[in-house]
Amino acid sequence: MTSEYRKSHYRFIIVFMLFLCTMSIMLTIAAVRYTRKVHAAETYTEIYEIKKMFLKNTVQNMINTIDRVYSFHEHTGQRYRDNLFNDIERIHSYNASQFPQRVLDFLMASDYGESLFIRFTDTRDNTILYERGNPDPGNSETRSWGPFSVTIQINSGWINSSTVSSVREIIYEQNFENGGYLWINEVKNWNGGPDYAIRRIHASLRDTEGVFLNTETKDRAGNTPYRTELEGVRDHGEVFFTYDFKRKGSERVGEKLTYSTLYPRYDWIVAMGYYLEDMQVYIDKVETASDRITGIIVLITVLSNCMMFLFAFFLLSRREKRYFVRTRRQITEESNTDPLTGAFNRRVGNTFLDDAFRSWRETGTGPALFMLDIDDFKPVNDKWGHACGDEVLKTTVRAVRSTMRSSDRLIRWG
């Protein structure tokens, strides 16, 4: 019965420890999964903000590039004009008498394209000896050599068209990861409506450059991105917004995060977009790393729980054995001892006597035996009661033990 109880006790301990280990592992997995979900959400938010900053910085860099390109072509026109004036001055210095014809031949042979408007005039009768290009208000300079004057204007239309052409090449050549690209819309009507703007440059839709845009145009979700862009830039100078648009080089449509701002010189809205689904690549990397960490944590948890289980089982077993031995010894002592006086009982006395006589027969050494009796004990119980008789017995046992050796045995026989 005792053996069966111990087995049942061990089974309970094992099942309980396994339950605790299982709960620990499950809680660990749940905590890691929750952390992974929170981490993924925070990562998405962080990447979203990083992409917003990337879009804004890229567009602002393009604004600065447009300014530099414009300044380059403007300075080029100024250089053309200054070089032309210097050449005419050299012609006059070389031979003033043949100045008109030589200047005329030089101007007819020179090639400045559409960059300059040139007019060579005889001021004596305001006769125009030579004229090329279209006059452009402003940016003009006139110099005279005697009765002759030369007027040169830098063609702003040439500066603008050259700037557009150069910016278009720059935008076309740029290559951003995950399909990002720049585009420019030129606003014609800040109040919106049909034909409110021209698609001036678009890296993804090059064949549609020059078409007019309508603020009422809707995407597949019913949004009006052109109106959102126009009103945001008009009212705040810049705007972040999302809308659905087909991907570059594909008919597949995706949600795009866009930043737009104004380049005031040409009323250009310069914008850049980034497809939100492309951020999933980074989220997947984070989740992959989280899965790897989760596996490591679960493995460590399992191993640590197994070690703790074995260690706890070892400790419980040791404690249970010590308790069992102590309990068995206590039970043995209680079964061999007279509960009233603490002396050994008659059953143990028989065992001691058997051992003593066996030793005497084997060795010839005889034991010393004393038999004690309390005279007139019954009257004590009769007169004073059994409680008083019990005290007499206990007092007698204590008195005898005080004179015994440690190897002696005191037995209550009857």
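Before any of the text, the structure's been laid out above.
The model shown is predicted, which means the values in this text are computed figures rather than measured ones.

**Concerning the overall build of the chain**
Part 1 of the argument: Broken down by element type, the chain carries eight helices and 10 strands.
Part 2 of the argument: Taken across its 414 residues, the chain has 34% of its residues classed as buried.
Part 3 of the argument: Looking at the chain alone, contacts between residues at least 24 apart form 57% of all its contacts between residues at least 6 apart.

**Description of unusual backbone geometry**
Note: most peptide bonds trans; most residues except glycine with negative phi.
Part 1 of the argument: Even without being a glycine, N126 presents a positive backbone phi close to 55 degrees.
Part 2 of the argument: As for its placement among the helices and strands, N126 is situated in the loop between β1 (116-122) and β2 (127-132).
Part 3 of the argument: Of the residues examined, N126 reaches a relative accessible area of 60% and is grouped as exposed.

**Considering the sheet that holds strand β10 (residues 268-275)**
Part 1 of the argument: Pairing in this open sheet of six strands is antiparallel, and the strands run β7-β6-β5-β10-β9-β8 from one edge to the other. Both edges of this open sheet fall to β7 (212-213) and β8 (238-246), since each of them pairs with a single strand only.
Part 2 of the argument: Of the strand pairs in this sheet, strand β5 (residues 181-187) and strand β6 (residues 197-202) are connected by five bridges, and their pairing is antiparallel. Bridge pairing links W183 to H202 in β6.
Part 3 of the argument: Its contacts with the sheet put helix α3 (residues 156-173) on β5, β6 and β10, and the angle it makes with β6 is roughly 55 degrees.
Part 4 of the argument: The strands touched by helix α4 (residues 225-236) within the sheet are β5, β6, β7, β8, β9 (253-263) and β10, with β8 carrying the most contacts at an inclination of about 170 degrees.

**A look at the packing of aromatic side chains**
Two numbers describe a pair of aromatic rings. These are the distance of the centres and the angle of the planes.
Part 1 of the argument: A full pass over the atoms with the stated rule returns 17 aromatic pairs.
Part 2 of the argument: On the numbers, 5.6 Å between centres and 50 degrees between planes, the contact of Y181 with W183 is tilted. A single burial state applies to Y181 and to W183, both of which are buried.
Part 3 of the argument: Of the aromatic side chains, those joined through ring pairs into one cluster are F85, F99, F120, W145 and F148.
Part 4 of the argument: The ring of F240 is capped by K52, whose NZ or CZ atom sits 4.8 Å from the centre of that ring.
Part 5 of the argument: Here the guanidinium or amino end of R265 rests over the ring plane of Y70, the centre of that ring lying 3.7 Å away.

Rules of the game
Residues numbered from 1 in each chain as written. Predicted model: local features only at pLDDT ≥ 70, side-chain atom pairs only at ≥ 80, totals over all residues. Heavy atoms only, no water. Helix = DSSP H or I, 4+ residues; strand = E, 2+ residues; numbered from the N terminus. Buried < 20%, exposed > 50% of the residue type's maximum accessible area, 1.4 Å probe, protein only. Contact = heavy atoms within 4.5 Å. Pairing = 2+ DSSP bridges. Axes fitted to C-alpha atoms, helices over the stretch in contact; angles between N-to-C directions. Phe/Tyr/Trp six-rings, centres within 6.5 Å; stacked < 30°, edge-to-face > 60°. Lys NZ or Arg CZ within 6 Å of the ring centre and 35° of its normal.

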